[in-house]
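Below, each chain spelled out in residue letters.
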Amino acid sequence: MAKATTIKEALARWEEKNGQKPSEAKEVKLYAQVPPVEKMDASLSTLVNCEKLSLSTNCIEKIANLNGLKNLRILSLGRNNIKNLNGLEAVGDTLEELWISYNFIEKLKGIHVMKKLKILYMSNNLVKDWAEFVRLADLPLLEDLVFVGNPLEEKYSADQQSSWTEEATKRVPRLKKLDGVPVIKQEEGEEGEN
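Within every chain, residues take consecutive numbers counted from 1 along the sequence as written. Reporting of local features is limited, given that this is a predicted model, to residues whose pLDDT is at least 70; pairs of side-chain atoms are given and counted only at 80 or more, and all residues count toward the totals for whole chains, interfaces and linings. Note: side-chain values were computed over all heavy atoms of the structure, leaving out hydrogens and water.

Labelled according to an unreviewed UniProt entry, the chain appears under the name Dynein axonemal light chain 1, originating from Pelodiscus sinensis. UniProt positions are given in the numbering used here, feature names are shortened, and annotations may be inferred rather than shown by experiment. For the record of the chain, the UniProt heading Subcellular location (unreviewed entry) holds the text "Cytoplasm, Cytoskeleton, Cilium axoneme". Per its UniProt entry, the chain bears the Sequence similarities (unreviewed entry) comment "Belongs to the dynein light chain LC1-type family."

So, in structure tokens, the structure goes:
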């Protein structure tokens, strides 16, 4: 099998294609590299102006080397082989959106460092229990969550039909949108009024 593409090689290709130095770019797309990227290596630290980074559809197993990305607001890591959220500390103060669907994440340990995260798309991962889900309540700004396709959501939706939304928003009350649907909360005393 072909050797994995390094971040350095992917950045060189990106520069050639876009005619811009990656270190000056606000948006860098390194998704679906052939052969795929397997490691988030130190070359990422050159992306000092990057606000939006896409590394989706590769074979990355670990989130790493985000230290130099002081302006990063959107990180897209969907369709990789990521098993946990360690490595996000470096962007905990700036990241507003994390797209990490279709990975192998079971535990949400480490998510609490995301102080500005508003949008979390993590459908089709392996989160099974409420104890992990409630870690999302530690995110002060989280309002848009896509969680469909996780064992917890699938089990709850199958067992109790529409109460998935009710149970999820009870545990993470700030949500305004869950699985692409606006969350409409009944106000106290509103129920039988016409």
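1. Focus: the sheet that holds strand S5 (residues 119–121)
Each strand in a sheet pairs with another by means of backbone hydrogen bonds, the pair being arranged parallel or else antiparallel. Overall, mixed pairing links the eight strands, which are arranged S1-S2-S3-S4-S5-S6-S7-S8 in an open sheet. What marks the edges here is a single partner per strand, and that holds for strand S1 (27–29) and strand S8 (181–182). Relative to strand S6 (residues 144–146), S5 is paired through three bridges, and the arrangement is parallel. In the strand pairing of S6, Tyr 121 is matched with Val 146. We treat two strands as partners when DSSP finds at least two bridges between them. The way it works is that DSSP assigns letters per residue, a run of H or I at least four long becomes a helix, a run of E at least two long becomes a strand, and they are numbered from the N terminus.

2. Quick word on unusual backbone geometry
Residue Pro 35 follows Val 34 across a cis peptide bond; omega there is -10°. Looking at where Pro 35 falls in the secondary structure, it is placed in the loop between S1 and strand S2 (52–54). The backbone of Asn 65 sits at a positive phi, close to 55°, despite the residue not being glycine. Here Asn 65 is to be found in the loop between S2 and strand S3 (74–76). The phi angle at Tyr 102 is positive, at roughly 55°, despite the residue not being glycine. Mapping Tyr 102 onto the fold places it in the loop between strand S4 (97–99) and S5.

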